[in-house]
Each structure stands twice: as C-alpha cells, then as structure tokens.
Amino acid sequence: MPANRSLSFSRRVLASLLVGACLVSVAHAQTGRPRRGQPPAQPNQPAQTPAQTPGQPATPTQPAAQPGATQPSTPTEPTVGTLIQHGNEREWTLTARVNVRAFFDQGIDRPASSPTPDQMPTIDRFRFDTLTLVWPVVPRTASSELAFDTPTGQAPTLRDFRFTVDDYDATHLREFSHEILTSTAGGRPYHSGIWLALLKLGRGIDAREVDFEIVLPSRSWQTRFDERAAMAVQWPDGAWPAEAASTLEPMLYVDIGPDVNGRPQRFGDAEVRALLERWTQGKPPRSIPPVQFAKWIAGQVVEHVQVSGAGLAANRNGLLEGVSLQTPGETARTGIGSEFDMVVLLTALYRKAGLPARIVVGYDVEANSRDEPGFLQPGNSGRGELRAWVEFCLYDQASNTINWVPVDPARIRRNSSRLPPNFMEPGRLRYFGEHDELDDVVPFAFQFHPPTTVRSYGSPGFWGWFVTPTAPDRAWQAVSIRASTTPRRGGR
C-alpha cells in the first residue's frame, strides 16, 4: 500500500468519514443498529463465494443449474430503494445485429509440400435441424430501464426484430417463433437478473450465413447518490434477495473460461484473494458498512490497474468480433489490463468478499463528443463506443429495499490515476454512485456471454445459439451495436 495510504484499512476508511458521523449515528439509532464507533460484539464474517464450477449442459429454455445459489431471506421481493435518484433522462432505441458466416478457408496457408497446394477454397455450410438465437435483454439497472409498454401481468415480447438465412427472411416461416425469458424454468432469475431474447426456427437449414437483428427501446438517466444515507445500510444478517444472490454464482469470464480445447475450466483465484487480503489488511469486509468497503476497494483497483489496450477483438474483415478479456487473476498479478479487465477485477473482488455485484455493458452514444480517448468498435466510424462498469448491491434488510449502486473505475481512472487523500468522504469520488454521463449510455448486457448453454465463436460477443443436432465447430461472427434517440409520438 502506498505511503500516503499507511493508515490501517478500518482506521483509514472510518477516519475519512467524520464529516457524516452525526447523520450516520442518527440513522443507526433509528434502525436499532449500533453506532459506527461501537462495533458489534461479534463482527459478522464475510460471505463465502460459491464453488466455482460450471453448470450442467442445458438448452436456452432449460438453463444450466448454477451451484451455490442462495434463496431470498424475505417472503417478498424487495422494492427499489431511494438511495439512487434520477437526474437528466433520455430515451434511446438500441439496435444489436449479429452476422454469422460459415468458415471459409482460401488454402493460401498450406505448405508447399502439400499434395494439392492450389486446390479450390474450402467453404463450410450450416446444416441444422433447429436453431435458437439468444441475445441479452437488460430489464433495469441503476441508470436505465427497458421501455416496453407491456400491460401488467403480461410477459414482455419483442416488437422489432429480423432473422435472415442466406438473405431470406425467416420470420415469415410458420416454424419461426420468438419470446423473452425472464427467469429459469424453475422460476429463479438468470444470473444478475438478465432476460434472454430468443429467436427460434424449427425447420431444417442448409445455408452459409445467418443474420439477426434485435431492436430494444430503453430509457437512461444520470444517477444521483445519497452516500451519507447509504452509510447507514449494514450487511444483511440473512441471505441476499434472489437477484442479488444470483450474482454470486459462477460467471463466465469472471470465474470460468474456455481452455485451449474450448472446454470450461475454473480460473485460479489466488491472486484476487491476495489483493483482497492485502487491501483489507486481513480484516473482515463486514467490519465496515458495505458502501464504505465498496468505495475503498474501488479506489485500490483504480490505482492498481494501468489501462492498456482497447479490450475489443476484430474478425478477419476488421469488424467487431467481441470483447478480448484476460483472467481477473492476470489483471491482479500484472496490474495491467483493458478497461473491461479492470471492471472484471473489481467485480471479482466484490464477489470474493461476499458483496453481490454485476458487470454492466453499455453503448455510449455520445462518447466521442466528449473528446475523450475511447475504444471505437473495429470497423465502425460512428460516434459511440462500448463501455462497462460495475453495480454492487445495497440491501436494507430492515426496510426490505434494494439499491444497485454504479461504480465506473475506468472513468475514475481517466480523471486521475491517483486518488485524493479524502476520496472516502461522501461525494468526493466522482463516478462512484453519482454519474452524470449515464443518460447517454444504453445498457444491454450483464455478461459477456449469455448465462446458459449456447455457442458463439472467437471472442465473447454477448450472443449465442443453440443448434440441433449439434452446433458447428467453426464460424465467423461479427457484432454491431448502435443506438439513436427514440422519436416521441402522440404528444409524449
């Protein structure tokens, strides 16, 4: 820990918060909790992260059962709290398109000793009995909500989409159907509360190219954070609510990733645990309120990780293939990674400490208008960029309310690689809870790959498909994401 951070973990955090001591003490008295200067006789121990093993294979309609799921401790789901308030609000229309082409081998890399070095190119074809395409749908974040006008009691449904096979519009076929899954077959939320949009074709296909596009209306806003009131929220005594608990389950590219043969393997977590141990000086995370713990760890990650690289991968045509990620352990060990890697590391640290946290990936419509260095999509000359941040859960067990608090370590790092000495004081760390850019950002994913058994190619690109009898082993994928202002109609 740097010399100017020489105070111990607990003393350093608490000493910088004396400005709000009176308000926090009153709030503690109102909720029957001990005052900040009077720790509990037996401090709570940090919750344990569940075993990091992948779930069993499943189809999109029967998702993988993740181990270590925690059931909600309250008879009803919590309501949204008031710690995060809306600022300026805007409406957007997000368009996501994925193009998948059969593998094409020109044969130019064959050695001269090959018996047929000049043979014709090899072109694969897709031959399916059934095909289901999957794209994530984010119902709500701290800074956004899906803008479907769905009547109460009815399931949400896609309004605008396209599905083509070799340039043929497959949506007109009677074997085509679509739906949005909001929970597993057992009624449990998908990881982090994501929904899954499914485009399904139940007839045989023999083609070289599949292309789909999904259009989703969204509403985004700036966030205002009542950090002083948030300091009164303590760790829950029981289990977390279902959506929050789902974030503690194993997650692809955070806990699990493919090996060289494409099979899932668990990441080692020794480096991540070592960082957590060092930054807390061995003290339990629950020895201080969760918002203070979250802020302290975010500050350490910002100073630890030097941003390098765009974090995006291009396919052979220079188009966006997906996100290029390294393991959180590598980021922890080297202190170097992309902005996506920084977000993955912070999420991993929160979850290792037992604090529910999820990754939010969004499309920043106005990124380049701010004249800031960004990572434009390969092959895209537009204004927007992909960006990611973290949301951690503040659950007030007494009032049964929940707040997801945004933390944008990449944006904090862009401001300064060294944090001010008083950054732990309420309101002193911009982009922690309070974020004045999120009205221009459209969240569209909580994961880099859908949390169910689907296949994609190359780098994780947020989508996947489930194919019978079996998915092809190789293909080329290109992902395109854009957003535009939603036009207002009818006096809106």
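Reading the values: the criteria
- Once a new chain begins, its residue numbering starts again from 1 and follows that chain's sequence as written.
- Predicted model: local features are reported for residues with pLDDT of at least 70 only, side-chain atom pairs are reported and counted for 80 or more only, and whole-chain, interface and lining totals are derived from all residues.
- Note that water and hydrogens are dropped before the side-chain values are worked out from all heavy atoms of the structure.
- What makes two strands pair is DSSP finding at least two bridges between them.
- Working definition: helices are DSSP H or I runs of at least four residues, strands are E runs of at least two. Numbering for both runs from the N terminus.
- All axes here are fitted lines through C-alpha atoms, helices being fitted over the stretch that makes contact, and every angle between N-to-C directions spans 0 to 180 degrees.
- Put simply, two rings from Phe, Tyr or Trp (the six-membered ring, in Trp's case) pair if the centres are within 6.5 Å, and we call them stacked under 30 degrees between planes, edge-to-face over 60, tilted for the rest.
- Burial here depends on accessible area, computed with a 1.4 Å probe over protein chains only, as a share of the maximum for the residue type. Under 20% is buried, over 50% is exposed, and the range in between is partly exposed.
- Should the NZ of a Lys or the CZ of an Arg lie within 6 Å of a ring centre and within 35 degrees of the ring normal, that charge is described as sitting over the ring.
- Multiplying 1.5 Å by the helix residue count minus one yields the expected span of that helix.
- Polar contacts, as used here, are pairs of N or O atoms within 3.5 Å; protein pairs need one atom able to donate a hydrogen and one able to accept it. Residues neighboring in sequence count only if both atoms are side-chain atoms.
- When a carboxyl oxygen of Asp or Glu is within 4 Å of a side-chain nitrogen of Lys or Arg, the pair counts as a salt bridge.

Novice: Which residues make up the sheet that holds strand S6 (residues 130-137), and what values do they have?
Specialist: Across the sheet, which stays open at both edges, the four strands sit in the order S11-S12-S6-S25 with antiparallel pairing between neighbours. At either end of the open sheet lies a strand with only one pairing partner, and these are strand S11 (176-181) and strand S25 (464-468). Each neighbouring strand pair of the sheet contributes to a mean axis angle of 15°, computed without reference to strand direction. Here six bridges tie S11 to strand S12 (residues 195-201), and the two strands are oriented antiparallel to one another. Paired with Ile 180 across the bridge in S12 is Ala 197.

Novice: I'd love a proper account of the packing of aromatic side chains, names of residues and values included.
Specialist: One pass over the full model with this rule turns up 20 aromatic pairs. Their ring planes at 20° and their centres at 5.5 Å tell us that Phe 126 and Phe 128 sit as a pair that is stacked. Phe 128 matches Phe 126 in its accessibility class, with the two residues each being buried. Within the aromatic cluster, the residues linked to one another by ring pairs are Phe 225, Trp 235, Trp 240, Phe 293, Tyr 350, Phe 392 and Phe 432. Above the plane of the ring of Trp 404 lies Arg 358, whose end atom (NZ or CZ) is 3.9 Å from the centre.

Novice: Describe helix H8 (residues 339-352), listing the residues and the values that go with them.
Specialist: Taking 1.5 Å of rise per residue, 14 residues should cover 20 Å, and H8 covers 20 Å from first to last C-alpha, within 8% of that figure. The buried fraction of H8 is high, at 14 of 14 residues. A side-chain oxygen of the first residue of H8 lies 3.3 Å from the backbone nitrogen of Phe 340; this N-cap is Ser 338. Positive phi appears at Gly 354, one or two residues downstream of H8, with a value of about 90°.

Novice: So what about the pattern of salt bridges? Which residues, and what values?
Specialist: Evaluated as defined, the whole model comprises 32 salt bridges. For Arg 219, the salt bridge goes to Glu 145, with nearest N and O atoms at 2.6 Å. A residue pair is termed long-range when its members are at least 10 positions apart, and Arg 219 in strand S14 (residues 209-225) and Glu 145 in strand S8 (residues 144-146) qualify at 74 residues. According to the relative accessible area criterion, Glu 145 is partly exposed, its value standing at 22%. For Arg 430, the salt bridge is made with Asp 436, and the minimal N-O distance between the two is 2.9 Å. Since its relative accessible area comes to 44%, Arg 430 is described here as partly exposed. Taking relative accessible area as the criterion, Asp 436 reaches 34% and is therefore assigned partly exposed. Connected through salt bridges with shared partners, the residues Glu 89, Glu 91, Arg 140, Glu 145 and Arg 219 form a single ionic network.

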